[in-house]
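Read off the chains here:
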Amino acid sequence: MRTGGSRCVLIIAMIGVLFSITTAGASQLSGGKGLSIVQFSTLLQPGALNIKLHSRGYAQSFDEFTLTNGTGAVSFNFGFSKHVELGFTQILYQDLNFSAIDPNTLEQIPDDTFLRVKLGNYPFTIGNAYFKFGVLNQLRYRTGVVDNIYLEPYVSSGIEWKIDMLVSYFANPLYEENAAAFHFNLGYLNHNDAGTGKSAFKAAQQVVYGLGYVYPTQKFDFSLEQTGNFFTNYPEKYVFSRENSMWATAGIRYKMFYGLSIMLAGDVLLYEEEDTTEPQLPDDYPNYPAWRLNGVISFSPSTTFFRQPTFAEAGDPKMTRKLLRDRKSLFEWVVDDQEGLEYIDIELEKIKAERKEAEEDLELLKQELQGQ
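Residues numbered from 1 in each chain as written. Predicted model: local features only at pLDDT ≥ 70, side-chain atom pairs only at ≥ 80, totals over all residues. Heavy atoms only, no water.

**Quick word on the overall build of the chain**
Counting its secondary structure elements, the chain contains 4 helices and 13 strands. Scored against the burial criterion, the 372 residues of the chain give a buried share of 47%. Carbon and sulfur atoms make up 61% of the accessible area of the chain, which amounts to about 19200 Å² in all. (Helix = DSSP H or I, 4+ residues; strand = E, 2+ residues; numbered from the N terminus. Buried < 20%, exposed > 50% of the residue type's maximum accessible area, 1.4 Å probe, protein only. Areas by Shrake-Rupley, 256 points an atom, 1.4 Å probe, with all protein chains shown as cover.)

**Notes on the nonpolar core**
Core analysis: the largest hydrophobic core is formed by 7 residues, namely Tyr58, Phe62, Leu67, Tyr150, Leu151, Leu281 and Tyr285. Residues within four places of Leu281 in sequence aside, it is in contact with Tyr150, Phe240, Asp275, Pro286 and Asn287. (Core = buried A, V, L, I, M, F, W, Y, C linked by side-chain atoms within 4.5 Å. Contact = heavy atoms within 4.5 Å.)

**A short note on a negative patch on the surface**
The grouping of Glu354, Glu357, Glu360 and Asp361 at the surface amounts to a negative patch. Considering the arrangement of structural elements, one finds Glu357 in helix α4 (residues 338-371). (Patch = residues over 30% accessible without salt bridge, like charges linked within 9 Å, V, L, I, M, F, W, Y side chains within 5 Å. Salt bridge = Lys/Arg side-chain N within 4 Å of Asp/Glu carboxyl O. Lys, Arg positive; Asp, Glu negative; His and termini not counted. Charge placed at Lys NZ, Arg CZ, Asp CG, Glu CD.)

**Remarks on the confidence of the model for the chain**
Of all residues in the chain, 81% attain a pLDDT of 70 or more, and the chain-wide mean is 83. Overall, residues 1-26 carries pLDDT values under 50, and its contacts beyond four positions in sequence, including any with other chains, amount to 59 contacts. (pLDDT = per-residue confidence, 0-100.)

**Here we look at the pattern of salt bridges**
As enumerated under the stated definition, the model contains 12 salt bridges in all. With its nearest N and O atoms 3.0 Å apart, the salt bridge here joins Glu152 to Arg56. You can see Glu152 sitting in the loop between β6 (129-141) and β7 (160-170) and its partner Arg56 sitting in strand β1 (residues 49-61), a full 96 residues away along the chain. Pair check on accessibility: Glu152 and Arg56 agree, each one buried. Here the salt bridges do not stand alone but share partners, grouping Asp111, Asp112, Arg140 and Arg142 into one network.

**Structural notes on unusual backbone geometry**
Glycine aside, residues mostly have negative phi angles, and peptide bonds mostly take the trans form. Going from Ile109 to Pro110, the amide bond is cis rather than trans, its omega being -10 degrees. For Pro110, the position within the fold is in the loop between β4 (107-108) and β5 (113-126). With an omega of 0 degrees, the peptide bond running from Glu278 to Pro279 counts as cis. In this structure, Pro279 sits in the loop between β12 (260-272) and β13 (291-299). Here the phi dihedral of Leu151 falls at roughly 75 degrees; this positive angle occurs in a residue that is not glycine. Mapping Leu151 onto the fold places it in the loop between β6 and β7. Residues other than glycine seldom take positive phi values, yet Ser241 does so here, at roughly 60 degrees. Tracing the backbone shows Ser241 in the loop between β10 (220-233) and β11 (245-257). Classification of Ser241 as buried rests on a relative accessible area of 3%.

Structure representation (structure tokens):
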């Protein structure tokens, strides 16, 4: 890896560590390009459609019983243009964790709705390192009845707004999805629960972050994530999950076909703040589950606006070459973006310098041979 790129990766890692010292949360149940929680700054191609089926579950043991939980959702993401992507997520099923108290209150069908607009695919360089930048806007609408669920992230009864800054570092800018990459998310979440006639800044608010690493292979993608949150303005004291937390996530994605993949990821709770909910929960009742298991089925069919080889074998050399020939992103990047031109200039200068050095070494070798 280049020296400049190494410095930038180190900077990103240090930012992640600084945030992890404080605490955890981020965009969940999102579609398009991203990991279990951390989102990429890259978008679907214009006219492309991505459909994801999400599931999440956990089990929490108590002295007198074991509580099991499940969440199911579906997301649709559409590439509107080169720099705009539209997203929609509907939570289809949500356990309420009330069964131990009231056996007649088990689940919520459906739960909340998310609307998302993602702006991205903006490249920039720092030294020899190549990045992309994006912004994700999100609204969460209350379509469920219950909004304060024990062990689940806090959700208010209002329309919540969230904005994330997305930065991605790619080890190989020419083949972004075929080389290692780092992704960093930093966001602000307003729960809009201050009440009628009050300023939105009186509502519960969080700063959220996520740091993700992806190592792709021909058939599998391996990933690590660290996500966190800290409240800058806490919810009411009776609210569950009003404590800061931090999670680590390890995931693996199996690419069955070019447009069909399955991902499995596990969340591990690294830190949770001391319980501040009133009345206080019993000592053996945590604020969050110790672990969660996530599953995602991703399907990208052809559309009227964009045709893709959905069921082509992932990693097929012939298909890979064809996709590279058909792909216009590199050409558009070089022609339309000054950053792309600067990067190509840097690479050309490096090649010239290496060639000059090789010629000098060859000339020195000739002189040594002639002197013998």
